[in-house]
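Here's the letter readout for the chains.
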Amino acid sequence: MELHHGRHHAAQVAGLNAALREHGQLAAMPVDDLLMRLSQVPEAIRTAVRNNGGGHANHAMFWEIMGGQGGEPAGDLRAAIDRDLGGMEKFRTDFNAGGMRVFGSGWVFVTVTPAGGLAIVTRPNQDTPLMDGQRVLMGNDVWEHAYYLRYHNRRADYLIAWWNVLNWERIGARYAAARDGTLRV
Ligand code: MN
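The structure displayed is predicted, hence computed values, not measured ones.

Rules of the game
Residues numbered from 1 in each chain as written. Predicted model: local features only at pLDDT ≥ 70, side-chain atom pairs only at ≥ 80, totals over all residues. Heavy atoms only, no water. Buried < 20%, exposed > 50% of the residue type's maximum accessible area, 1.4 Å probe, protein only. Helix = DSSP H or I, 4+ residues; strand = E, 2+ residues; numbered from the N terminus. Pairing = 2+ DSSP bridges. Core = buried A, V, L, I, M, F, W, Y, C linked by side-chain atoms within 4.5 Å. Domains from an automatic or database assignment. Contact = heavy atoms within 4.5 Å. Buried area = accessible area lost by both parts, 1.4 Å probe. Donors = N, O, S within 2.8 Å, 3.2 Å for Na, K, Ca; no water. 1 Å grid on protein atoms, 1.4 Å probe; cavity = no way out; pocket = protein on both sides within 12 Å on 5 of 7 lines; lining within 4 Å. Points joined across faces, edges and corners; volume = space filled by probe spheres on them. Nonpolar A, V, L, I, M, F, W, Y, C, P; charged D, E, K, R; others polar.

Caption draft 1: Expanded view of the pairing of strand S3 (residues 135-141). Here S3 lies mainly inside the structure; six of its seven residues are buried. Direction of pairing for strand S1 (residues 106-112) relative to S3: antiparallel, over a ladder of six bridges. Bridge pairing links Thr111 to Val136 in S3.

Caption draft 2: Region of the structure containing the nonpolar core. Counting residues in each nonpolar core, the largest one holds 37 residues, and the members touching the most others are Phe91, Leu118, Met138 and Trp162. A domain split of this core shows at least three residues from each of domain 1 (2-65) and domain 2 (75-180). Discounting chain neighbours no more than four positions away, the residues touching Leu118 are Leu77, Ala80, Ile81, Asp84, Leu85, Val110, Thr111, Val112, Leu137 and Tyr175. Counting 14 residues, the second-largest nonpolar core is a separate cluster that includes Ala19, Leu34, Leu38 and Ala57.

Caption draft 3: Region of the structure containing the domain arrangement of the protein. Split by domain assignment, the protein resolves into domain 1 (2-65) and domain 2 (75-180). Taken over C-alpha atoms, the centre of domain 1 sits 20 Å from the centre of domain 2. On the side of domain 2, 26 residues touch domain 1, which itself brings 19 residues to the contact. Carbon and sulfur atoms make up 60% of the area that domain 1 and domain 2 hide from each other, which totals about 1,800 Å².

Caption draft 4: Representation of the pairing of S1 in the model. In terms of residue burial, S1 counts as a mostly covered element, since seven of its seven residues are buried. Burial along S1 is two-sided: Gly106, Val108, Val110 and Val112 and Trp107, Phe109 and Thr111, pointing in opposite directions, are all buried. Bridge count for S1 against strand S2 (residues 118-124) is seven bridges, and the pairing is antiparallel. Pairing of Val110 across the sheet is with Ile120, part of S2.

Caption draft 5: Up close: the coordination of the manganese ion. The coordination sphere of the manganese ion contains the protein donors His4 (NE2), His59 (NE2), Asp141 (OD) and His145 (NE2), at a distance range of 1.9 to 2.1 Å. Spacing between the donor residues of the manganese ion along their common chain follows H-x54-H-x81-D-x3-H. Here the residue His59 occupies a position in helix H4 (residues 43-65), and His145 occupies one in helix H7 (residues 144-151), the gap between them amounting to 86 residues. Taking the relative accessible area as the measure of exposure, His59 reaches 0% and is therefore buried.

Caption draft 6: Inspection of the layout of surface pockets at higher detail. Quantified by volume, the largest pocket comes out at close to 380 Å³. Looking at the lining of the largest pocket, the elements with two or more residues in it are helix H1 (2-19), H7 and helix H8 (155-162). Here the lining of the largest pocket gets seven residues from one element, more than from any other, and that element is H7. Partitioned by chemical class, the residues of the lining of the largest pocket number eleven nonpolar, three polar and one charged. Shared between two domains, the lining of the largest pocket holds at least three residues of each, these being domain 1 (2-65) and domain 2 (75-180).

Below is the structure:
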């Protein structure tokens with residue numbers, strides 16, 4: 001995780017800053033706004049902004065939702081999981097299956113609507129549902145760099161173990177923020 005944060009994520013932050021060096025107006029935008037307006041980014045830097053900006057947003061979310069003890073959520077978020085994702089057991093199974101279906105590098109996410117509706121989606125590379133104007137409640141990184149040092153090629157084992165370090169208090173706060181319209185990356 002130190003390598004993941006200090007090298008992989010850091011390289012994307014540096015890459016985004018480098019791409020935007022000559023574009024002060026874009027550099028001043030919050031990264032979620034930038035990703036929602038990729039079509040307005042000059043073509044010469046659009047791919048760099050997509051990959052590095054997406055990577056920054058995805059990893060910022062990723063670090064925020066971990067560092068906990070796992071377990072299960074309560075309250076409104078738990079009710080939404082039961083309503084939209086078929087309960088915790090089906091949620092974990094479907095989310096992990098989504099992570100296994102990503103061919104090569106990418107992410108598995110839970111998106112959240114302003115009304116609190118949840119859905120499991122996947123994206124390749126460093127793409128994010130933010131690019132489609134959606135909000136991300138949580139997500140797991142299934143790039144090999146996320147698990148190769150400890151789990152080697154066993155992505156399935158990594159996906160299962162990841163639930164043990166989730167911080168449901170933080171994810172619950174993100175859920176409340178999504179419904180308040182204040183959730184960003
Ligand atoms: Mn990563």
